[in-house]
Amino acid sequence: MFCSSIAYAVSSACVRFLADDFSIFQLVLFRTAIGTMVMLPWLFSSGLGVLRTKRWKLYLFRACTVYVSNLTWFYALSRMNLAEATALSFLMPLVAALILAIWLREKLGWERLFAIALGFLGAVLIIRPGFIEVGSEIYAVMFTVLMYGSATAIIRALTLTENPNVVVFYMFFLNLPLALGPGVMTWSTPQAADLPVILLFGLASWVAQVFMTRSLACGEAAVVFPAFYFQLPATALLGFALFGQIPSLWIVPGAILIIGGSYFSVWSENRRRQSVS
């Protein structure tokens, strides 16, 4: 999960760097195309038979949610402070836990409600509606949180029965036809200087997905998720070093509440499952 958090931070910085020259549709196309190509050697060595699955509905729904959320996430990263966007994205585990509870028709206990309240309060501190203007990028981040939360819930469900490599491959492969048309229609030919950043962007996105999926499949969420939050200081450092971004001081208490709520949600859910088993 630590490697995943670093890769996510690098990917976010690449999006910000490339967004001035390429549309968000083309950036999503870069991501899906490179991710699919990187997975092809694994597919050829394993054989096409490894892709057999009975869970097509989940894979297709996940592909749609990931594609839409990538668009809104890249839009937000191109317009707002990277660290503040990343801090707000940490609401994702809370949304995923809420969606899983609704999906499995589980009762929302005080632990989940408390965690959601903490996360919401942290988001309010960062956004500060009424004190600063809430622009379209804020709405884009919150929509991304909802969509990524749904995708994370699906990942947890898929990794119970599916090969983690298959889960990652289908994410990139099924996104490719969705991204192809809009990406080609808004195409801007990359210059030679752009190619290393585009390649780094695609590889970092792939690494983030691989390690995220494997960590959720191999370890308890309460154990692996704390390392995911290292993404915040890593992104803040890259934002300052590359773009001169200095986040608001409100990000500190806001991030503490969001991270605290997210981790408490994951920890309490893990404890509940252990008591049931």
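This is a predicted model, so every value here is computed, not measured.

Draft legend 1. Spatial organisation of the packing of helix H2 (residues 24-46) against helix H8 (residues 164-185). For the pair H2 and H8, the least separation of the axes is 7 Å and the interaxial angle reads 140°. Note on packing geometry: the crossing formed by H2 with H8 is left-handed. Residue composition of the contact of H2 with H8, grouped by class: 19 nonpolar, seven polar and one charged.

Draft legend 2. Representation of the nonpolar core within the structure. Residues Leu-27, Phe-74, Leu-88, Val-141 and Phe-201 are the most contacted members of the largest nonpolar core, which totals 48 residues. Ranked by residue count, the leading element in this core is helix H3 (residues 56-79), at six residues. Setting aside its immediate chain neighbours within four residues, Leu-88 contacts Met-80, Ala-123, Ile-126, Ile-127, Ile-138, Val-141, Val-145 and Ile-258. Membership of the second largest hydrophobic core comes to 21 residues, among which are Trp-42, Val-66, Ile-154 and Val-168.

Draft legend 3. Spotlight on the environment of Leu-176. Within the secondary structure, Leu-176 is located in helix H8. The class for Leu-176 is partly exposed, based on a relative accessible area of 23%. Along the primary structure Leu-176 and Ala-63 are separated by 113 residues, whereas in three dimensions their C-alpha atoms are 9.3 Å apart. When neighbours within four sequence positions are excluded, Leu-176 is seen to be in contact with Leu-29, Thr-32, Ala-33 and Thr-36.

Parameters at a glance
Residues numbered from 1 in each chain as written. Predicted model: local features only at pLDDT ≥ 70, side-chain atom pairs only at ≥ 80, totals over all residues. Heavy atoms only, no water. Axes fitted to C-alpha atoms, helices over the stretch in contact; angles between N-to-C directions. Helix = DSSP H or I, 4+ residues; strand = E, 2+ residues; numbered from the N terminus. Left-handed = near helix turned anticlockwise from the far one by under 90°. Nonpolar A, V, L, I, M, F, W, Y, C, P; charged D, E, K, R; others polar. Core = buried A, V, L, I, M, F, W, Y, C linked by side-chain atoms within 4.5 Å. Buried < 20%, exposed > 50% of the residue type's maximum accessible area, 1.4 Å probe, protein only. Contact = heavy atoms within 4.5 Å.

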